[in-house]
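# Observations on the model geometry
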Amino acid sequence: MKMTATKPVTKTTKKKIDRSSTVFYCVMVALPLLQFLIFYVVVNFNSILMAFQEYNTLTFSTTLSLSNFEGWFTKQTLPILGVCLKNSMIYFGVTLLAIPISLCISYYIYKKFHLSQFFKVISFIPSIICISALAIMYKAFVNYGMSSIFTTAPISLEYSEARQPMLIVFYLLVNFSGNLLIYINAMSQASPSVIEAAKIDGASEFRIFIHVIIPQIWGTIVSLLIIFMAGIVTNQAFLFTFFGINAPAELQTLGYFIFRNIQEGATPNVEASYYQTSALGIMLTLVLAPITILVRNLMLKFGPRED
Amino acid sequence: MKTKELLALSVVTLASLTSLASCGKVDEEEVDETMTQLRIKYTNGGFGSEWLDKLCEEFEEAFADVSFQTGRLGVQIIKEYDKKNTGYESIPGNSNHIFIQEDTDYYTYMSKGVMKDISDVVNDYAVTGNETKETNRKISDKMSDLYRSFYQYNGKYYGIPLFETNVGLQYNVSLFEKKKLFFKKDASADEFTEADFDILNKDDADKEAKEEALDKLYSLFISNTSDERSYGPDGKTGTIDGVNYSIDDGLPATYKDFRALLIMMKNSGVTPFIWNSTCTDYLTSLLNDVWANNEGANQFMNNLKLGGTATNLVKLNGNAIERDSNGNPVVETKTIAANNYADLHLQKGKLEALDFAQYLIEDGNYYSKSWQTSYTDAQEYFINPQNHKTIGDIGFIVEGGWWFREASDFFSPGTQKDAKFSPYILPKATKDKIGTPNVRVSDRRSLMFVNNYIPEDNLKVAKTFLSFLQSDHALETYTLYTSSKRALQYNLSNETYSKMSYYGKVAWEIANNTNTITIPWLPLSNFAKEHVLELDYASYGYKATYIDKDGKEQPVGGNPVMNFNDWNKKKDPQTSEQYFINIYNYNK
């Protein structure tokens, strides 16, 4: 056998490699950094600044202050935020619970099992139909079509024990199909040779799903989870679609609360509301961002690996 | 491209164009280069646009031979109507010259510099035609002191309010006449005890006691429509010193009368109330009216000043209301300042408003699907119960002064003018308040202003038109078409009055009556302006927290009717007293 001698790496060559690596790194990072600067920092600069300014609704002047932050820690606001947070977490929780179901159905469709095409069409209907139309249909179905089950129409301004569960069901139905599409797409990228090898080794469908497919699409699952987490504070859970600006206090999520707070006509002085809401947004980001990053890192570290 | 793709693309393009086309209705009229154009953007809500169309037409005609720009003769008004306001951020690039909007915060728009200084217009006489102006009162003189002080900023005016109306109860007069639901002269339910009301409300009450109570109840009401009626909440009848006190004759004077009426209505097969789920703030507005009506104008306005001397504050003893030997709340007087303005939440009128809220949701008092009914459906059910056998007759609708014009389509052709509907004059909580003025709250913030970015060439015509809209003739035209009042002081000519509908005439009689005080929901002091975020009419008075049956603290929204109803549904009933104290504790 002919051996080829490798050239020893000299100090100069190493320096060159290091330099080119740095250049490559800079070039690669520059674009997203630029994008972040333009589309986040510049765009949100005023929004962030607003959080640290107190707006006088009489003189229209602003002064540097932390009062917008303090304003959210009062006995008036804390119970409201508490309920909103609880509801936001409920929606996040059900989204998490729905992940295994979505994965199973995606796998079923991916494997083209019996009636998979039919399930595919049915699952995608919520994505095809306009959300307002879907909400009207769902509301009519639940309130009138199921009137023999519920004494009080569940989706109305009047309290009913079934109200929140019915809203959660709608939320799941609508979000389900979007996730399904992503999972099916990710599964289709899975290496057929690995699946074939598993089959030859006598692995059952369940084992293939758990030990071959899931590790291969783990990155996608992590990405989606990060998106869900980041959406905890912006998720309106379709409350505006059902109730406009009148959603009962006990149903409101953080996303809905923030949106309503800066809705023109829903507040006596929308300009002043911007300043206060900005502070709330920053606080929520400060809490949520580290948790999201931590969860991402943990999932990538301890999640299943393809090897 | 494949046929299918082409087809899909066409559908998407068509859908996009259709959605764009539905954004606002702009007059399709072609621009006439020989005339000066005046562009108006109007938020076309319940009051409709007929009044504006008429005035635009008259203005164009009156100024047909006038040149506002070199080389151009006459005025062409281009109108853009839709149901949405134009946000302040869209005004700089907007081609419209005049904006007429609802629910618009004057101070926010002013702070953004999007409104032209129109002090010269407001401090002058209104334009009536080419080179003619009114001579008796300047526009500023037509504004009440409250509006003048609010709209004047550093000595300048940037806008003028459009309408003034309350949101309250509207009733079906024909139904009241048919079912004889008016109180007869000198009749009063003031002697009724809680036990009487209990017997009347219970289906399983002792038969003999119920019959006795029913006799007592029926004896309060007229037997024939021509019977003399009670004097109502104003305690007077006929015209005294030029004031018409007959409008409320036969209506309940006190809460006890009102409760008796509600039972009488139910016994006559009438559902007392209907409201809608689209605008639930109507219910809060109604209760603001009840609060103001019981509290009196001066005391209620302390809320809008967040100051003043409050003379009617309920005294608390720990976490309960202190009561005298008769069970009435003890009240005290306090000077309200920045450190104690939360004490205004102890106003007795509010406690009485909360009592009133409970009457609305008592068993069988309201159309049970009100919480799922749109505002148009509610109007239709109210006007045409005969078309809906499962609904039946409805006595009151919770609506704003715009509803009668808004519901035009639901009247059979030619019947609306004489249809007997009327705004309702609210009862007083107790007998001792009979005869005090009828106080109402106008909480919708309407505004007309000139775009600060208007081209110099169009400024003169815009200001002239804006001035024309404040002329007595224009104000009358507004009332004629909308059955409502502009937020200025004026009278109607006999000619205009005679052309109005039954509803319009009664609404005008009430609004223009010196016994009626309409308070605009505006911050009325500098301190209140600095705390304007707290003064949201839809939540100011009624937000709170409460401890639920599981011992958890829960937030309570600003709608007492909805709150009481929810508590009942949750089998966690709260009394008006508990709620009242919770509101105070939440705000203090």
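Sequence order as written defines residue numbering, which begins from 1 separately in each chain. Chains carry letters from A onward and ligands carry numbers from 1 onward, assigned in written order. Side-chain atom pairs in this predicted model are given and counted only at pLDDT of 80 or more, local residue features only at pLDDT of at least 70, and totals for whole chains, interfaces and linings cover all residues. Side-chain numbers here rest on the full set of heavy atoms in the structure, without hydrogens or water.

### Observations regarding the overall build of chain B
Stated precisely, the cut-off is as follows: What counts as a helix is a DSSP run of H or I of at least four residues, what counts as a strand is a run of E of at least two, and both are numbered from the N terminus. With C-alpha atoms as the basis for the radius of gyration, the globule rule is written as 2.2 Å multiplied by the number of residues raised to the power 0.38. Residues count as neighbours in contact if any of their non-hydrogen atoms are within 4.5 Å of one another. Per-residue and other accessible areas follow the Shrake-Rupley method at a 1.4 Å probe size, with only the shown protein chains counted as cover for residues. Charged-residue counts in this description rest on Lys and Arg as positive and Asp and Glu as negative, His and the chain ends being excluded. Where a charge lies is defined by one atom per residue type, namely NZ (Lys), CZ (Arg), CG (Asp) and CD (Glu).
Assigned secondary structure in chain B consists of 22 helices and 25 strands. The globule rule puts the C-alpha radius of gyration for 588 residues at 25 Å, and the 26 Å found for chain B is close to it. When the backbone C-alpha atoms are referred to their principal axes, chain B occupies close to 85 × 70 × 55 Å. Looking at chain B alone, contacts between residues at least 24 apart form 74% of all its contacts between residues at least 6 apart. Total accessible area on chain B is roughly 24,300 Å²; 47% of this is exposed by carbon and sulfur atoms. Between the centroid of the 63 positive side chains of chain B and the centroid of its 84 negative side chains there is a distance of 2 Å.

### Focus: the side chain of Thr373(B)
All names here are of chain B. Operational definition: With a 1.4 Å probe rolled over the protein chains alone, any residue whose accessible area is under 20% of its type maximum counts as buried; one over 50% counts as exposed, and the rest are partly exposed.
Locating Thr373 in the fold gives a position in the loop between helix 13 (348-361) and helix 14 (375-383). For Thr373, a relative accessible area of 4% puts it in the buried group. Contact partners of Thr373, with chain neighbours within four places excluded, come to Trp275, Asn276, Ser277, Thr278, Tyr367, Ala378 and Tyr381.

### Points about the environment of Phe396(B)
In this structure, Phe396(B) sits in strand 18 (residues 394-400). The exposure class of Phe396(B) is buried, given its relative accessible area of 0%.

### With respect to the nonpolar core
Cut-off, in case you're wondering: Nonpolar core, defined: a set of buried Ala, Val, Leu, Ile, Met, Phe, Trp, Tyr and Cys residues in which side-chain atoms within 4.5 Å join the residues together.
Counting residues in hydrophobic clusters, the biggest one holds 232 residues, and the most contacted among them are Phe356(B), Phe396(B) and Phe465(B). Within the second largest apolar cluster, 17 residues are counted, among which are Ile397(B), Phe404(B), Ala407(B) and Ala419(B).

### A word on the side chain of Thr292(A)
Residues and elements named next belong to chain A. Inclusion rule: The definition of a polar contact used here is a pair of N or O atoms within 3.5 Å, where within protein one atom must be able to donate a hydrogen and the other to accept one, and adjacent residues in sequence count solely through side-chain atom pairs.
Within the fold, Thr292 resides in helix 11 (residues 270-302). A polar side-chain atom of Thr292 sits 2.7 Å from the main-chain carbonyl oxygen of Leu288. Residue contacts for Thr292: discarding those within four places in its chain leaves Ile226 and Met229.

### Describing the domain arrangement of chain B
All names here are of chain B. Quick note on the threshold: For the purposes of this description, domain bounds are those given by an automatic or database domain assignment. Two parts placed together each lose some accessible area under a 1.4 Å probe, and the buried area is that loss summed for both. Only one rule defines a salt bridge in this text: a Lys or Arg side-chain nitrogen within 4 Å of an Asp or Glu carboxyl oxygen.
Considered domain by domain, chain B is made up of domain 1 (24-165 + 444-500) and domain 2 (166-442 + 521-588). On a C-alpha basis, the centroid separation for the pair domain 1 and domain 2 is 35 Å. Listed as interface residues are 21 residues of domain 1 and, on the opposing side, 19 residues of domain 2. Taking both partners together, domain 1 and domain 2 bury about 1,700 Å²; carbon and sulfur atoms supply 56% of that area. At the boundary of domain 1 with domain 2, the tally comes to two salt bridges. A salt bridge links Arg405 to Glu50; the shortest N-O distance between them is 3.0 Å. Put simply, domain 1 and domain 2 have eight residue pairs in polar contact (both at pLDDT 80 or more) between them. Elements with a minimum of two residues in the side of domain 1 that touches domain 2: helix 6 (145-151), strand 9 (163-164), helix 17 (472-482) and helix 18 (494-499).

### Concerning helix 8 (residues 194-201) of chain B
Residue and element names in this part refer to chain B. Worth spelling out the cut-off: Taking the helix axis as origin, the arc is that swept by the directions to the C-beta atoms.
Three or more residues of helix 8 are buried, namely Asp196, Phe197 and Leu200. Angularly, the buried residues of helix 8 cover 95 degrees about the axis, an arc narrow enough to put them on a single face. Where helix 8 is buried, its residues contact helix 9 (207-218) and helix 10 (255-267).

### A closer look at the sheet that holds strand 13 (residues 271-274) of chain B
Residue and element names in this part refer to chain B. Stated precisely, the cut-off is as follows: The pairing criterion is simple: DSSP has to find at least two bridges between the two strands. What counts as an axis is a line fitted to C-alpha atoms, over the stretch in contact for a helix, and the angles between N-to-C directions run from 0 to 180 degrees.
The strand order 13-18-10-19 describes an open sheet built from four strands, whose pairing is mixed. One side of each edge strand has no neighbouring strand; the edge strands of this open sheet are strand 13 and strand 19 (421-423). Strand after strand, the sheet turns through a mean of 25 degrees between neighbouring axes, direction not considered.

### A few points about the confidence of the model for chain B
Keep this limit in mind: The pLDDT value expresses, per residue, how confident the predictor is, ranging between 0 and 100.
Here chain B averages 93 in pLDDT, and 95% of its residues register 70 or above. A low-confidence stretch, residues 16-24 of chain B stays under pLDDT 50, and its non-local contacts, those more than four residues away or across chains, total two contacts.

### Some details on a nonpolar patch on the surface
Residue and element names in this part refer to chain A. Stated precisely, the cut-off is as follows: Exposure above 30% relative accessible area and the lack of any salt bridge qualify a residue for a patch; like charges then connect within 9 Å, and the nonpolar side chains Val, Leu, Ile, Met, Phe, Trp and Tyr within 5 Å.
Among the surface-exposed residues, Leu31, Leu33, Leu34, Phe36, Leu37, Ile38, Phe39, Tyr40, Ile48, Phe52, Leu64 and Leu66 lie close enough to one another that they form a single nonpolar patch of about 1,200 Å² accessible area. Relative to the elements of secondary structure, Leu31 occurs in helix 1 (residues 11-51). Leu31 sits in the exposed class, given a relative accessible area of 63%.

### Section: a positive patch on the surface
Residues and elements named next belong to chain A. A grouping of Lys11, Lys15, Lys16 and Arg19 is seen on the molecular surface, where their side chains present a positively charged patch. With respect to the helices, strands and loops of the structure, Lys11 is situated in helix 1. A relative accessible area of 74% places Lys11 in the exposed class.

### Overview of the interface of chain B and chain A
As a reminder of what qualifies: Put simply, Ala, Val, Leu, Ile, Met, Phe, Trp, Tyr, Cys and Pro go in the nonpolar bin, Asp, Glu, Lys and Arg in the charged bin, and everything else, Gly too, in the polar bin.
On the side of chain A, 34 residues touch chain B, which itself brings 42 residues to the contact. Of the roughly 3,200 Å² buried where chain B meets chain A, counting both sides, 54% is carbon and sulfur surface. Summed over the three residues of chain B that lose the most area to chain A, namely Gln372(B), Leu533(B) and Pro555(B), the buried surface amounts to 19% of that side. Counting the contacts that link chain B with chain A gives three salt bridges. Glu158(A) is paired through a salt bridge with Lys569(B); the nearest N and O atoms lie 3.6 Å apart. Across the contact surface, chain B and chain A share 19 residue pairs in polar contact (both at pLDDT 80 or more). At the level of elements, helix 3 (106-111), helix 20 (526-530), strand 25 (553-556), helix 21 (560-569) and helix 22 (576-587) of chain B are the ones that each hand at least two residues to the side of chain B that touches chain A. The class makeup of the residues in the side of chain B that touches chain A is 14 nonpolar, 16 polar and 12 charged.

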